[in-house]
Amino acid sequence: MSRARECEAKGDLAGAERIYRSVISAFPDFHPAWHSLGLLAHTAGKASLAVDLISHAVELNGRIALYYSNLCEILRRLHKLNKALGAGKRAVELAPENADCWYNLGLVYTARKNWRAAQRAYLKVLQLNPRHGMACNNLGAALEKAGDTDAALAAYQRAITINPKHAEAQNNAGAIYSERGDLEAAKKCFTAAIKARPDFIDPYYNLSTLKTYTPEDPQLLELERMRLILDQLPPASRIRDHF
């Protein structure tokens, strides 16, 4: 198994797969190899195969939270939310003190638009790991969806305090400031988001509603670069690109 991981570290996925499969051939009930092979399939973009392989690892040993948590996340990405929810709940039952398990469960609740349950999951993450910036940002999003913009802004600000280069949190906080008419604070957040992630298009759009770009503005160069790769951007970004 260690040789397979060395192959993975070098980017030799085919070599790693050969080793995992040879282990399984010799020891068909060795569940760590099935799980590792599933993660390898996921890395290779074969999500459905990954689900099958990790599910088999779960069948061999249903007491390992990591297996359920990884299965939860892959199922979420496949939009199989009911199955993802079941796997996520089982993960936190087995490992109630594992912040990553709670975080993946929170992502499922977010995808299902169950904002209250998502809030509870992210709060649990932060109880276990107070410096989990992504949980802070996602908590803010869930609070905002539930209509509590004061608490949402506080969550975004907490994420920014943990990591000032958290582009999503900066952009989300800027949007709330903009809605409240605090335009200077909004500009500061959008500019910080752009500086942190120059390829993140949303803050450019949001900032464009607050300022007029001049021909000398360096941000226009980045906007032009993104225009050239427009068809590679996610649909939501493509919709917002023309501003």
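Above this text sits the structure in question.
Figured I'd write up the structure that's included with this text. Every value quoted in this text rests on a predicted model; they were computed, and no experiment measured them.

1. Details of the overall build of the chain
Argument step 1. Scanning the chain from terminus to terminus reveals 15 helices and zero strands.
Argument step 2. With 243 residues in all, the chain has 45% of them scored as buried.
Argument step 3. Total accessible area on the chain is roughly 13,100 Å²; 53% of this is exposed by carbon and sulfur atoms.

2. A closer look at the state of the cysteines
Argument step 1. One pass over the structure, following the stated rule, counts zero disulfides.
Argument step 2. C72 carries a free sulfur, and the closest cysteine sulfur to it, the one in C101, is 8.7 Å from it.

3. What about the layout of surface pockets?
Argument step 1. Of the volumes computed, that of the largest pocket is approximately 690 Å³.
Argument step 2. If you go around the largest pocket, you meet 23 residues; those closest to its centre are N137, N138, A141, E168 and N172.
Argument step 3. If you list the elements that add at least two residues to the lining of the largest pocket, you get α7 (99–111), α8 (115–128), α9 (133–145), α11 (167–180) and α13 (201–208).
Argument step 4. A per-element tally of the lining of the largest pocket places α9 first, with six residues.
Argument step 5. In terms of residue class, the lining of the largest pocket is made up of nine nonpolar, seven polar and seven charged.

4. What about the packing of aromatic side chains?
Each aromatic ring pair is characterised by the separation of its centres together with the angle its planes make.
Argument step 1. For the structure shown, the criterion picks out one aromatic pair.
Argument step 2. Between the aromatic rings of Y103 and Y122, the centroid separation amounts to 5.9 Å while the plane-to-plane angle is 50°, which identifies the pairing as tilted. A residue pair is termed long-range when its members are at least 10 positions apart, and Y103 in helix α7 and Y122 in helix α8 qualify at 19 residues. In this pair, the class of Y103 matches that of Y122, namely buried.

5. A closer look at the side chain of N137
Argument step 1. If you trace the backbone, N137 turns up in helix α9.
Argument step 2. Assessed through its relative accessible area of 7%, N137 is described here as buried.
Argument step 3. A polar contact of 3.4 Å, which involves the side chain of N137, links it to the backbone nitrogen of A169.

6. Digging into the pattern of salt bridges
Argument step 1. Counting across every chain of the model gives eight salt bridges.
Argument step 2. Ionic pairing is found between R76 and E73, a salt bridge with its closest N-O pair at 2.7 Å. Here E73 and R76 lie together in helix α5 (residues 65–77), a separation of three residues that amounts to about one turn.
Argument step 3. Using a relative accessible area of 11% as the deciding quantity, one classes E73 as buried.
Argument step 4. Look at the salt bridges and you will find they share partners, linking E73, R76 and R77 into a network.

Parameters and conventions
Residues numbered from 1 in each chain as written. Predicted model: local features only at pLDDT ≥ 70, side-chain atom pairs only at ≥ 80, totals over all residues. Heavy atoms only, no water. Helix = DSSP H or I, 4+ residues; strand = E, 2+ residues; numbered from the N terminus. Buried < 20%, exposed > 50% of the residue type's maximum accessible area, 1.4 Å probe, protein only. Areas by Shrake-Rupley, 256 points an atom, 1.4 Å probe, with all protein chains shown as cover. Disulfide = S-S within 2.5 Å. 1 Å grid on protein atoms, 1.4 Å probe; cavity = no way out; pocket = protein on both sides within 12 Å on 5 of 7 lines; lining within 4 Å. Points joined across faces, edges and corners; volume = space filled by probe spheres on them. Nonpolar A, V, L, I, M, F, W, Y, C, P; charged D, E, K, R; others polar. Phe/Tyr/Trp six-rings, centres within 6.5 Å; stacked < 30°, edge-to-face > 60°. Polar contact = N/O pair within 3.5 Å; in protein donor to acceptor, adjacent residues only side chain to side chain. Salt bridge = Lys/Arg side-chain N within 4 Å of Asp/Glu carboxyl O.

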